[in-house]
Amino acid sequence: MNQILQLIQKENLTKEDLTYLIGLAGEEREFFLRETGKKYVETLGNKVYFRGLVEFSNYCTKDCYYCGIRKGNAKAERYDIDDEAILQAARFAHEHNYGSMVLQSGERSDEKFTKRITQLIKKIKEATQGELGITISLGEQTEETYREWFEAGAHRYLLRIESSNKELYYKIHPQDDNHNFEKRLNCIKTLQKVGFQTGTGVMIGLPFQTFEQLADDLLFFKEMNIDMVGMGPFIEHSETPLYAHKDKLWPLQRRFDVALNMIAALRLLMPDINIAAATALQAIDKMGREKALRYGANIIMPNITPTLHRKDYQLYENKPCTDEGAEDCGNCMSIRVEMAGREIGYNEWGDSSHFFNRQEQNKK
Ligand code: 5AD
Ligand code: FES
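Residues numbered from 1 in each chain as written. Chains lettered and ligands numbered in written order. Predicted model: local features only at pLDDT ≥ 70, side-chain atom pairs only at ≥ 80, totals over all residues. Heavy atoms only, no water.

Participant: Quick question: what am I supposed to make of the site of ligand 1 here?
Facilitator: The local shell around ligand 1 consists of Tyr66, Cys67, Gln104, Arg160, Glu162, Met203, Pro233, Phe234, Ile235, Leu315 and Tyr316. Backbone polar atom of isoleucine 235 to a nitrogen atom of ligand 1: 2.8 Å apart, as the coordinates give it. Interatomic distance of 3.4 Å between a backbone N/O atom of leucine 315 and a nitrogen atom of ligand 1. The class makeup of the residues in the shell around ligand 1 is 8 nonpolar, 1 polar and 2 charged. (Near = heavy atom within 4 Å. Polar contact = N/O pair within 3.5 Å; in protein donor to acceptor, adjacent residues only side chain to side chain. Nonpolar A, V, L, I, M, F, W, Y, C, P; charged D, E, K, R; others polar.)

Participant: Could you clarify how one ought to interpret the pattern of salt bridges in this entry?
Facilitator: It is possible for side chains of opposite charge to pair when their charged atoms get near one another. Inspection of the entire model under this criterion finds 27 salt bridges. Of the charged contacts, one joins glutamate 140 and lysine 62 as a salt bridge, the two residues approaching to 3.0 Å between their closest N and O atoms. Remark: lysine 62 occurs in the loop between strand 1 (47–57) and helix 4 (83–95) and glutamate 140 occurs in the loop between strand 3 (133–137) and helix 6 (143–152); sequence separation between them is 78 residues. The pair glutamate 140 / lysine 62 is uniform in exposure class, with both members buried. (Salt bridge = Lys/Arg side-chain N within 4 Å of Asp/Glu carboxyl O. Helix = DSSP H or I, 4+ residues; strand = E, 2+ residues; numbered from the N terminus. Buried < 20%, exposed > 50% of the residue type's maximum accessible area, 1.4 Å probe, protein only.)

Participant: Looking at this structure, I do not really get the packing of helix 1 (residues 2–9) against helix 3 (residues 26–44). What am I missing?
Facilitator: Packed helix pairs are specified by the crossing angle of their axes together with the interaxial distance, meaning the distance between the axes. Between helix 1 and helix 3, the least distance of the axes is 10 Å, while the angle of their chain directions is 30°. Classified by the angle between their axes, helix 1 and helix 3 sit roughly parallel to one another. Remark: the crossing between helix 1 and helix 3 carries right-handed chirality. Here helix 1 contributes Ile4, Leu5, Ile8 and Gln9 to the contact with helix 3, which in turn contributes Glu28, Phe31, Phe32, Glu35, Thr36 and Lys39. (Axes fitted to C-alpha atoms, helices over the stretch in contact; angles between N-to-C directions. Parallel < 35°, antiparallel > 145°, perpendicular 65-115°, else oblique. Left-handed = near helix turned anticlockwise from the far one by under 90°. Contact = heavy atoms within 4.5 Å.)

Participant: Sorry if this is basic, but what is going on with the pairing of strand 7 (residues 228–233) here?
Facilitator: Along any regular strand the residues' side chains alternate between the sheet's two faces. Counting buried residues in strand 7 gives 6 out of 6 residues, a clear majority hidden from the surface. Summarising the sheet, strand 5 (residues 197–200) and strand 7 pair through 2 bridges and their orientation is parallel. Among the inter-strand pairings, glycine 199 is bridged to a residue of strand 7, identified as methionine 228. Taken together, the 2 bridges between strand 6 (residues 203–204) and strand 7 define a ladder with parallel strand orientation. Across the sheet, isoleucine 204 pairs through a bridge with proline 233, a residue of strand 7. (Pairing = 2+ DSSP bridges.)

Participant: Teacher, can you tell me more about helix 2 (residues 15–22) here?
Facilitator: Given 3.6 residues per helical turn, the α-helix brings residues three or four places apart onto the same face. For helix 2, the set of buried residues is Asp17, Leu18, Thr19, Leu21 and Ile22. Structurally, helix 2 contributes buried residues whose contacts are with helix 1, helix 3, helix 9 (211–223) and helix 10 (252–269).

Participant: So what exactly am I meant to see when it comes to unusual backbone geometry here?
Facilitator: Trans is the prevailing form of peptide bonds, just as negative phi is the prevailing case for residues other than glycine. Of note in this structure, glutamine 129 is not a glycine but carries a positive phi near 50°. Taking relative accessible area as the criterion, glutamine 129 reaches 58% and is therefore assigned exposed. Not every positive phi belongs to a glycine, and asparagine 318 is a case in point at roughly 60°.

Listed below in structure tokens is the structure:
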């Protein structure tokens, strides 16, 4: 336990340290999580922030091998929620003092889509008197598009690298222009250049993935000076190519445990970033997201997608909360946050302190 305490106090964790922490099990793991949780509340405080999540469309032009809404899945029931319903969800988030919302969909980059989003962002800003913070998660786009959306009023962007290891990246994506590792990396850099608070993340427990690669993922976030991270366990979907490797996967519980270890280790490595308690955690453990909040996460995303379509945004199977309405989801979430001993920062954007610290550093 002494070694773990030493690592918790250590300034610059190495790849070796991180690999060790990520792989912890049993009592040592519990000790590590508990002590990290204590340290994190002492430094970052108790507050967690809501982001009302709207998964407004599952049309997707890409074919990632892990994802249930990939273009090649003919069984996915496709939908696209109209602007008025999205605006209603935004008003709901605003009225319930959520502070911010996240707009997410499958990836499209045709002009009809990009222009629609620009207008939508402006309409949401207008409908909420500029008070509701807007995070978007709409994949790889040109610098021009990113700029247009930023100027329309979105100020945070999520684009997961999925794995920072190029070899593994190409095991979980087709090798073509539409799924290019360097391109994705450049998109993250462009988002930072444009001025977004930039978030990325990875999946944990992918077939072929090792603890060393996961440690490298954490170091990648640090090296990239990332402001926000969302990462969760990989959950196989039967209508995707990766399902063929299901026998190689760690048991679900192990994937869950390692995901929490990753969150806690990242909190040590980057004390001032925003870390989301990913929904996929709850697909494995009913209390998954609360546990993440205890040990390092400070962001939670109640689903406010109109219930009719929730079941169709199935990136993975057994997705939780697909029957609840937005109201139920928010209530349930506030109880959960309190159960985790945390407090909700109502009416606050809950921006990443790292973003502002990074800007201060740039000025020097
Ligand atoms: N299991 C877990 N997470 C997944 N995602 C996509 N498919 C799966 C899956 N099968 C994650 C990806 C993506 C985010 C929106 O959802 O990391 O970036
Ligand atoms: Fe849609 Fe990967 S399958 S972005």
